[in-house]
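Remarks on the overall topology
Each chain, written out:
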Amino acid sequence: MNPSEQRAPREGEVRIPSGCAIAAVISKSGERMSGEGIIKAMRPMRERSNGLGGGFAGYGIYPEYRDFFALHIFYDSDAVRTECETYLRSALEIVRSETIPTRKLPAITDEPLIRRYFVTPLRSVLASMQVDENEFVARVVMRINTRFDGAYVFSSGKNMGVFKAVGYPEDVGEFYRLEEYGAYSWTAHGRYPTNTPGWWGGAHPFALLDRTVVHNGEISSYDANRRFIEMFGYRCTLQTDTEVITYIADYLIRKQGLTLTETASVIAAPFWSTIARKPESERRELEYLRAVFPSLLITGPFSIILGFTGGLMALNDRLKLRSMVTGEKGDRVYIASEEAAIRAMEPDAENIYAPTGGEAVIVKVREGAF
Amino acid sequence: MGIQWNYPEFEVVRNDSRCIRCQVCARQCANEVHRYEAEIDAMISDESRCVNCQRCVSLCPTRALKIVKSDCRLRENANWNQDAIREIYKQAESGGVLLSSMGNPKPYPVYWDKILMNASQVTNPSIDPLREPMETRVSLGKKPSKVERDENGRLKCELSPQIQLSMPVMFSAMSYGSISYNAHLSLARAASELGVCWNTGEGGLHQDFYQYGAHTIVQVASGRFGVHKQYLEAGAAVEIKMGQGAKPGIGGHLPGAKVGPDVSRTRMIPEGSDAISPAPHHDIYSIEDLRQLVYSLKEATAYQKPVIVKVAAVHNIAAIASGIARSGADIIAIDGFRGGTGAAPTRIRDSVGIPIELALAAVDRRLRDEGIRNNVSLVVGGSVRSSADVVKAIALGADACYIATAAVLALGCHLCRTCQSGKCNWGIATQRPDLVKRLNPDIGSQRLINLMTAWNHEIKELMGGMGINSIEALRGNRLMLRGIGLNEKELQILGISHAGE
């Protein structure tokens, strides 16, 4: 029997467009901030979510395990957990395994088992597969997410973590006790999906290795992007825009070695007419990138914040069909769907600015400060 | 007069009260249907010669004429239909292979008509192409699998040779010989002005048209007619024609009657001699031989021109395309079984090959499954009838479309399907100077430009409705398509969901 006949369709079995709220903060000096600020940012944007998904990503939160990949996994049952852990042990050395601490809240229910593992690939396995540790861990994540029904890896980077759930983001933040973590950058997401899968894995941020994406929008290029990226070993199991954007970022940055600016000019490529007005060398590069990666151009409305070790990149679609503003105060840079969210984090934020369509805002922590 | 086995297919209906005896019909009809009898001051018709090309109808100043299907019928029989019986009579008389022209007219499924497109509602905005930029520019050719940088870390921006198109439509191959000088000139001029490409077909490139080289695809077919160094160098790309949708598995035959001085010079064959293209290329009996020809042509053109390999859509097309994608070809052109032709054996045209929609879907999927979709661009034709077909083709996975029947229709063709007679009253599929001059290349090229411009507007409207503002984001975007009235297997092959899913 088709599984969708027994229960409501789960994320990945139907395509779910959604509207959203996003926010982020980063300290350029690498100062660690508790999760309270970013939770506050989401409160004034409650109208942009509908309680069907919220989440956060924090960078620099596991300094004591900075050399280990932190896997955050949802399990539907103890049985699948046992099965999955057997597999994990066969591929990785697990140096710590624990339940992620949460706090009971009436607003957050039906939680799965939420486990956290600090792991490192076995050298012998790496050598025999002739891949580096990032590629190996990415493959482990793909494998669990496609082969183990009821297990889902939702965070897999070093010294960073994703925390997400079905609920309003401010409740999700409290649920995960984010005030107890210190991060040099935070991103956050509140989701407004157009139907109700009610599955925790479907909430955002979406992550692969240390790259996370929070995204507001519905991309019209989805299937063109998906069918292209799946040629390179990625499996889009969730049918969500954010998932495919995360894989695109991973492919362009990690596998193709593009810079962030170059990545931005692939996924939000300038119009040909704009390219024609650029100086010769820049024009050649932009034409080249559009010619080489035409299937990774993302169209339709989006505002995204890409988080990575040591920085953030904010980007709008090339027509700017979704709101997004940035602000500054001291060494902090704030990004959000609405200025109100920035003001909630920092009432005296300065230089409020709305980046134009396709204009990448890249903020990095000072070298060596994280 | 002996037995007339086949009663004429059409009737010429003349409204005598409107006819002014101007005799334009008689002068215009190369088939000599109409004649004026001075003694009785009347126009007489011999409908047995009529092919229903509508030339007389279109030129009659008083609309006194119409051509209708004859209602003289054989006894109805669902198995032995009229055509089946008529063809038996013809062959019993001639002992010959039946010949036909233009695309397969049989009522096979047209999948384009069973596919519906999407539009944005609420969750994302549609885009108005009159107010926002909407990009239809396409670049065809191999794309690198890995970007490279120089010693300073800057991107190395060299790409293998590409064809740039202002919109994802090109004019497909029709040889000089099968169509007229003025038809070629109209296509060449229109393609140049539009920023797309036209295609010489296998008959070489007339010396007058080398000036349009930057927008010309020069074809190399099994007869190698008109192929020489300057010819290869003249084009924007070189196309190896392995097959044609209308007649997969067989070659071509241009009768000597059509090989006048100009065609003779262009094809590099003696005047009046039949130009026979063999069924296979006799230097290509396998995929590795194709690779050699691809690289021979690249050597001959100093690796400056992309090489297209054109094949007919046949049963095993996905595997064939995969082989071609690994053969060094830059572009694969696939021609569906409804594609047109200047002449083909009827049995082959009507019953060999598969629909382009299914072939395209299968090839695009196979190339992606094998991770080599970037090695080649995909161009599809046979038959693409409208901008909606183009958009559906792109969403199924094509980079661009080839059109030929639509282009000759714009030039005046009325699809009478008798190109093989060489008496085209519209000046297209003929070499008779008196007929050729009826096609004015100024008007012809303008009509082609109008058609393409109209299609491009429509493509932009359809894209905008889907919230897509660049053709790249449409390519292979099958989520934008839904099937209507298709069974599970068809949906699976097309890789689309059913409407309502």
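Residues numbered from 1 in each chain as written. Chains lettered and ligands numbered in written order. Predicted model: local features only at pLDDT ≥ 70, side-chain atom pairs only at ≥ 80, totals over all residues.

In terms of helices and strands, chain A carries twelve helices and 18 strands. Relative to the compact-globule value of 21 Å for 370 residues, chain A shows a C-alpha radius of gyration of 20 Å, a close match. Taken along its principal axes, the extent of the C-alpha atoms in chain A is 60 × 50 × 45 Å. Here chain A holds 370 residues, and 54% of them are scored as buried. Excluding contacts between residues fewer than 6 apart, the proportion of contacts in chain A whose partners are at least 24 apart in sequence is 76%. (Helix = DSSP H or I, 4+ residues; strand = E, 2+ residues; numbered from the N terminus. Rg over C-alpha atoms; globule rule 2.2 N^0.38 Å. Buried ≥ 20, exposed ≤ 12 C-beta atoms within 10 Å, placed from the backbone. Contact = placed C-beta atoms within 7 Å.)

Our focus in this paragraph is the overall build of chain B. Of regular secondary structure, chain B possesses 15 helices and 21 strands. In terms of overall size, chain B behaves like a compact globule, its C-alpha atoms giving a radius of gyration of 24 Å where 501 residues would be expected to give roughly 23 Å. Viewed in the frame of its principal axes, chain B has a C-alpha envelope of about 90 × 60 × 45 Å. Long-range contacts, defined here as pairs at least 24 residues apart, represent 69% of the contacts in chain B between residues at least 6 apart.

It is worth spelling out the sheet that holds strand β6 (residues 113–121) of chain A at this point. Residues and elements named next belong to chain A. With antiparallel pairing, four strands are arranged side by side in an open sheet as β5-β6-β4-β7. Strands with a single pairing partner mark the edges of an open sheet, and in this sheet they are β5 (92–99) and β7 (151–155). Across the sheet, the mean angle from the axis of one strand to that of its neighbour is 30°, orientation sign disregarded. Bridge count for strand β4 (residues 69–75) against β6 is seven bridges, and the pairing is antiparallel. Residue pairing in the sheet places Phe74 in a bridge with Ile114 of β6. Of the strands in this sheet, β4, β5, β6 and β7 are in contact with helix α3 (residues 78–91), which crosses β6 at around 10°. Together, β4, β5, β6 and β7 form the strand contacts of helix α5 (residues 133–147), whose direction differs from that of β7 by roughly 140°. (Pairing = 2+ DSSP bridges. Axes fitted to C-alpha atoms, helices over the stretch in contact; angles between N-to-C directions.)

Time to look at the sheet that holds strand β16 (residues 331–335) of chain B. All names here are of chain B. The sheet built from eight strands is open, its strands ordered β9-β19-β18-β16-β15-β12-β11-β10 with parallel pairing. The sheet terminates laterally at β9 (169–171) and β10 (198–199), the two strands that pair on one side only. Bridge count for strand β11 (residues 216–220) against strand β12 (residues 237–241) is four bridges, and the pairing is parallel. Bridged to Gln219 within β12 is Glu239.

Of the residues lining the interface, 30 residues belong to chain A; the matching set on chain B comes to 34 residues. Counting only elements with at least two residues in the side of chain A that touches chain B, the list comes to α7 (222–229), α10 (272–276) and α11 (280–292) of chain A. Ranked by residues supplied to the side of chain A that touches chain B, first place goes to α11 of chain A with five residues. Its residues assigned to classes, the side of chain A that touches chain B shows 15 nonpolar, ten polar and five charged. (Nonpolar A, V, L, I, M, F, W, Y, C, P; charged D, E, K, R; others polar.)

Attention shifts here to the pairing of β16 of chain B. Residues and elements named next belong to chain B. Burial runs high along β16: five of the five residues are buried. Side-chain alternation along β16 places Ile331, Ala333 and Asp335 on one buried face and Ile332 and Ile334 on a second face that is also buried. Pairing of strand β15 (residues 307–312) with β16, which is carried by five bridges, proceeds in the parallel orientation. For Ala312, the partnering residue across the bridge sits in β16 and is Asp335. Note that the unit made of β15, helix α8 (residues 317–325) and β16 has a crossover that is right-handed. Judged from the five bridges that link them, β16 and strand β18 (residues 377–381) form a sheet pairing that is parallel. Within β18, the position partnered with Asp335 by the bridge is Gly381. (Right-handed = clockwise from strand over helix to strand, strands pointing away.)

In this fold, Gln82 of chain B is placed in helix α3 (residues 82–94). Ignoring sequence-local partners within four residues, the contact set of Gln82 of chain B consists of Arg73 and Leu74 of chain B.

What follows deals with the domain arrangement of chain B. Residues and elements named next belong to chain B. Each assigned domain of chain B is listed here: domain 1 (10–96) and domain 2 (138–146 + 160–498). A straight line from the C-alpha centre of domain 1 to that of domain 2 covers 34 Å. Within the side of domain 1 that touches domain 2, the residues separate by chemical class into four nonpolar, four polar and one charged. (Domains from an automatic or database assignment.)

A few words on the environment of Phe209 of chain B. Residues and elements named next belong to chain B. Within the secondary structure layout, Phe209 lies in the loop between β10 and β11. Of the residues examined, Phe209 has 21 C-beta atoms within 10 Å and is grouped as buried. Setting aside residues up to four positions removed in sequence, Phe209 forms contacts with His184, Leu185 and Ala188.

We now examine unusual backbone geometry. With the exception of glycine, most residues fall at negative phi, and the peptide bonds are largely trans. Residue His204 of chain A is joined to Pro205 of chain A through a cis peptide bond whose omega torsion reads 10°. Assignment of secondary structure puts Pro205 of chain A in the loop between β10 (185–193) and β11 (206–208). In this structure, the amide linkage connecting Gly382 of chain B to the following residue, Ser383 of chain B, adopts the cis form with an omega of -5°. One non-glycine residue, Asp41 of chain B, lies in the positive phi region at around 50°. Mapped onto the elements of the fold, Asp41 of chain B is located in the loop between β2 (34–37) and β3 (42–45). Residue Met102 of chain B is not a glycine yet carries a positive backbone phi of 60°.

Low-pLDDT stretches of the model should not have their predicted coordinates read in fine detail. All names here are of chain A. Mean pLDDT over chain A: 91, with 94% of residues reaching 70 or higher. Within chain A, strand β16 (residues 332–336) carries the highest mean pLDDT (97), whereas helix α1 (residues 3–6) carries the lowest (46). Confidence drops under a pLDDT of 50 for residues 1–5, and excluding neighbours within four residues, the segment shows three contacts in the predicted structure. (pLDDT = per-residue confidence, 0-100.)

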